[in-house]
Amino acid sequence: MTAGPSPVCLSPVCLSVVLLLSVLSLGVSSQPITDSQRLFSIAVSRVQHLHLLAQRRFSEFESSLQTEEQRQLNKIFLQDFCNSDYIISPIDKHETQRSSVLKLLSISYRLVESWEFSSRSLSGGSAPRDQISPKLSELKTGILLLIRANQDGAEMFSDSSALQLAPYGNYYQSLGADESLRRTYELLACFKKDMHKVETYLTVAKCRLSPEANCTL
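Computed from a prediction, not measured in an experiment: that's the story for all the values here. (Residues numbered from 1 in each chain as written. Predicted model: local features only at pLDDT ≥ 70, side-chain atom pairs only at ≥ 80, totals over all residues. Heavy atoms only, no water.)

Details of the environment of Glu 199
Line of reasoning, step 1. Within the secondary structure layout, Glu 199 lies in helix H7 (residues 177–207).
Line of reasoning, step 2. Given the relative accessible area of 18%, Glu 199 is considered buried.
Line of reasoning, step 3. When the C-alpha atoms of Glu 199 and His 51 are compared, they prove to be 7.6 Å apart, with 148 residues separating the residues in sequence.
Line of reasoning, step 4. The contact partners of Glu 199, leaving out residues within four places of it in the chain, are Val 47, Gln 48 and His 51.
Line of reasoning, step 5. A polar atom in the side chain of Glu 199 sits 2.7 Å from the side chain of His 51. (Helix = DSSP H or I, 4+ residues; strand = E, 2+ residues; numbered from the N terminus. Buried < 20%, exposed > 50% of the residue type's maximum accessible area, 1.4 Å probe, protein only. Contact = heavy atoms within 4.5 Å. Polar contact = N/O pair within 3.5 Å; in protein donor to acceptor, adjacent residues only side chain to side chain.)

Take a look at the structure:
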């Protein structure tokens, strides 16, 4: 004798249990993406693109130099400093990981802002996606939105309090050939250095939104 199909429970209790299990299953399989996470993803993607442009421009400039010129310029740059070094930032990866999300966002904003004027002399290429100044403006706007979304009563950020840095001193004045070469090298090296910083800070800040993620640098 063949057994018939098992009876289906249609009572309110059974239906409630099925609905609860379905919700829990969805919660485990896919966490909802917040607006902040989406903004962070866009910002990180944009700064990664800028960092790649910076690396490419610096490599192209270096390859155009003689070996001795490269050696001398690298030696000078190691002894020199970037204008943005006046912006107080974490000194190592441990301090970076201990910094709050808002602090990392604020420093990133200052670094990007410090390049708004100087970036006009940096050309990533003729294609729109390789234009540096517009990309910096878009990134600055995105970071400001993230700052406002992450503000609380304890830490407040004011756009009007931005540190105004000189646009690389007399970079735009008439310079001799050697001095112009040094200035160009310094500008490209500092831009690459700062975009690397911003990429690191935004990546760590984005990781903080995922409690289970490993944010170790």
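The discussion continues.
Some points on the state of the cysteines
Line of reasoning, step 1. Scanning the model with the defined rule gives one disulfide in all.
Line of reasoning, step 2. Residue pairing for Cys 82: its cysteine sulfur links by disulfide to Cys 190, the two sulfurs lying 2.0 Å apart. Taking the sign of the S-S torsion, -95° for the link of Cys 82 and Cys 190, the bridge is left-handed. A residue pair is termed long-range when its members are at least 10 positions apart, and Cys 82 in the loop between helix H3 (67–79) and helix H4 (93–98) and Cys 190 in helix H7 qualify at 108 residues. (Disulfide = S-S within 2.5 Å.)

Description of the pattern of salt bridges
Line of reasoning, step 1. The tally for this structure, following the rule as stated, stands at seven salt bridges.
Line of reasoning, step 2. Residue Glu 138 pairs with Arg 46 through a salt bridge whose shortest N-O separation is 3.9 Å. Of this pair, Glu 138 sits in helix H6 (residues 132–150) while Arg 46 sits in helix H2 (residues 35–63), placing them 92 residues apart in sequence.
Line of reasoning, step 3. A residue is classified by how much of its surface remains accessible, and Arg 46, at 34% relative accessible area, is partly exposed.
Line of reasoning, step 4. With its nearest N and O atoms 3.9 Å apart, the salt bridge here joins Arg 183 to Glu 186. Of the two residues, Arg 183 and Glu 186 are both situated in helix H7; the distance of three residues between them amounts to about one turn of the helix. Comparing Arg 183 with Glu 186 shows no difference in burial state: the two are buried.
Line of reasoning, step 5. Taken together, the shared-partner salt bridges in this structure form one network comprising Glu 113, Glu 116 and Lys 140. (Salt bridge = Lys/Arg side-chain N within 4 Å of Asp/Glu carboxyl O.)

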